[in-house]
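Letter by letter, the chains look like this.
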Amino acid sequence: MENMYREISVDLIDAPADQQRIDIDEEKLDELRESIRDHGLINPIAVRAVHVKSIVGDYCKIVSPAKCEISTHYRYELIAGSRRLRCHKILNLPVIKCVVLEVDEKEADLLRAHENEFRHDPNPLESGIYILRLQEKHGFSVQEIAKQMNKSETYVRGRIDLMTYPDYILEPIGTGKLSVGAAHHLAIMDSAMDAVIT
């Protein structure tokens, strides 16, 4: 049976330019890295191809930009598999198995939100980032996001509210050291303290 994936250089794969960086549980990352080192990558990552245009030659840029040759080439934007990609870079593996999806930016963001929600260890902070991105960048309403993700509107609003918490609360949520419930109580206490001080 023909493989349905292709191998792509890790140097050609980028996260979305405006995507917030999330701290990763280093212990879980080490476990994944060891698994990939010993057994290889079982599940390919998902990417989409993006066109990149660049001017050929630094001299051309300076002397006569209007006459410069424009080079168009592909890079790839990561949709799912950030930890797997990171492990490949740590292990100095030059290529990674990828499934290349033909989707636009909005569809890619929806897929990112779905991928995070339905993996075995969903990250609440990533959920908040992806949901807020759908709302702010693509104009989705809370109701539309809830329908697309098969989640309740209360859940979606909760994840959006999560993104208003201060960094000292968000960071341990991202690494799995603080639950959403505990974070909610800390945020209430933080707001109460601000009210007292002001």
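Being a predicted model, the structure only gives us computed values, none of them experimental.

1. Considering the overall build of the chain
Along the backbone of the chain there are nine helices and five strands. If you list the helices and strands of the chain from N to C, you get β-β-α-β-α-β-α-β-α-α-α-α-α-α. Of all 198 residues assigned to the chain, the portion counted as buried reaches 34%. Sequence separation of 24 or more characterises 71% of the internal contacts of the chain that already satisfy a separation of 6 or more. Carbon together with sulfur atoms contributes 53% to the accessible area of the chain, which is approximately 12,400 Å² in total.

2. Looking at the side chain of His138
With respect to the secondary-structure elements, His138 resides in helix α5 (residues 124-138). Given a relative accessible area of 17%, His138 falls into the buried group. Only 2.6 Å separates the side chain of His138 from the side chain of Asp109, close enough to count as a polar contact. Setting aside chain neighbours within four positions, we find His138 in contact with Glu105, Lys106, Asp109 and Arg133.

3. Side note on the confidence of the model for the chain
Here the chain shows a mean pLDDT of 83. Residues at 70 or above account for 80%. When mean pLDDT is taken per element in the chain, strand β5 (residues 95-100) scores highest with 95 and helix α2 (residues 58-63) scores lowest with 48. A low-confidence stretch, residues 59-65 (pLDDT under 50), is modelled with seven contacts involving residues beyond four sequence positions or located in other chains.

4. Let's talk about the pattern of salt bridges
A full pass over the atoms with the stated rule returns 13 salt bridges. With a shortest N-O distance of 2.8 Å, Arg112 and Glu77 are connected by a salt bridge. A residue pair is termed long-range when its members are at least 10 positions apart, and Arg112 in helix α4 (residues 105-117) and Glu77 in strand β4 (residues 70-80) qualify at 35 residues. Residue Arg112 is classed as buried on the basis of its relative accessible area of 1%. The salt bridge involving Glu105 is made with Lys137; its shortest N-O contact spans 2.8 Å. With Glu105 in helix α4 and Lys137 in helix α5, this pair connects stretches of sequence that are 32 residues apart. In this structure, a network of salt bridges that share partners links the residues Arg48, Glu77, Glu105, Asp109, Arg112, Arg133 and Lys137.

5. A look at the nonpolar core
Counting 24 residues, the largest nonpolar core has Ile145, Val156, Tyr165, Ile169 and Ile173 as the members making the most contacts within it. When residues of this core are assigned to their parent elements, the largest contribution, six residues, is made by α5. Sequence-distant contacts of Ile173, defined by excluding residues within four places in its chain, comprise Asn123, Pro124, Leu125, Leu162, Leu178 and Ala183.

6. What about α4?
In a regular helix each residue adds 1.5 Å, so 13 residues correspond to 18 Å; α4 covers 19 Å between its end C-alpha atoms and thus fits that length. Turning to α4, its buried residues are Ala108, Asp109, Leu110, Arg112, Ala113, Asn116 and Glu117. A distance of 3.2 Å separates the backbone nitrogen of Lys106 from a side-chain oxygen at the start of α4, and that oxygen is part of Asp104.

7. Comments concerning the environment of Arg37
Residue placement: Arg37 occurs in helix α1 (residues 26-39). Separated by 56 residues in the primary sequence, Arg37 and Leu93 place their C-alpha atoms 9.4 Å from one another.

8. Considerations on α1
Here α1 contains 14 residues, and its C-alpha end-to-end distance of 20 Å stays within 8% of the 20 Å for a straight helix at 1.5 Å per residue. Buried within α1 we find Leu29, Arg33 and Ile36. In an axial view of α1, the angular spread of the buried residues amounts to 65°, which keeps them on one side of the axis. Residues of α1 that are exposed and point more than 90 degrees away from the buried face comprise Glu27 and His39. Among the structural elements, α3 (82-90) are those in contact with the buried residues of α1. Once α1 ends, the next one or two residues include Gly40, with phi positive near 85°.

About the thresholds
- Residues numbered from 1 in each chain as written.
- Predicted model: local features only at pLDDT ≥ 70, side-chain atom pairs only at ≥ 80, totals over all residues.
- Heavy atoms only, no water.
- Helix = DSSP H or I, 4+ residues; strand = E, 2+ residues; numbered from the N terminus.
- Buried < 20%, exposed > 50% of the residue type's maximum accessible area, 1.4 Å probe, protein only.
- Contact = heavy atoms within 4.5 Å.
- Areas by Shrake-Rupley, 256 points an atom, 1.4 Å probe, with all protein chains shown as cover.
- Polar contact = N/O pair within 3.5 Å; in protein donor to acceptor, adjacent residues only side chain to side chain.
- pLDDT = per-residue confidence, 0-100.
- Salt bridge = Lys/Arg side-chain N within 4 Å of Asp/Glu carboxyl O.
- Core = buried A, V, L, I, M, F, W, Y, C linked by side-chain atoms within 4.5 Å.
- Expected span 1.5 Å × (residues − 1).
- Arc of directions from axis to C-beta.

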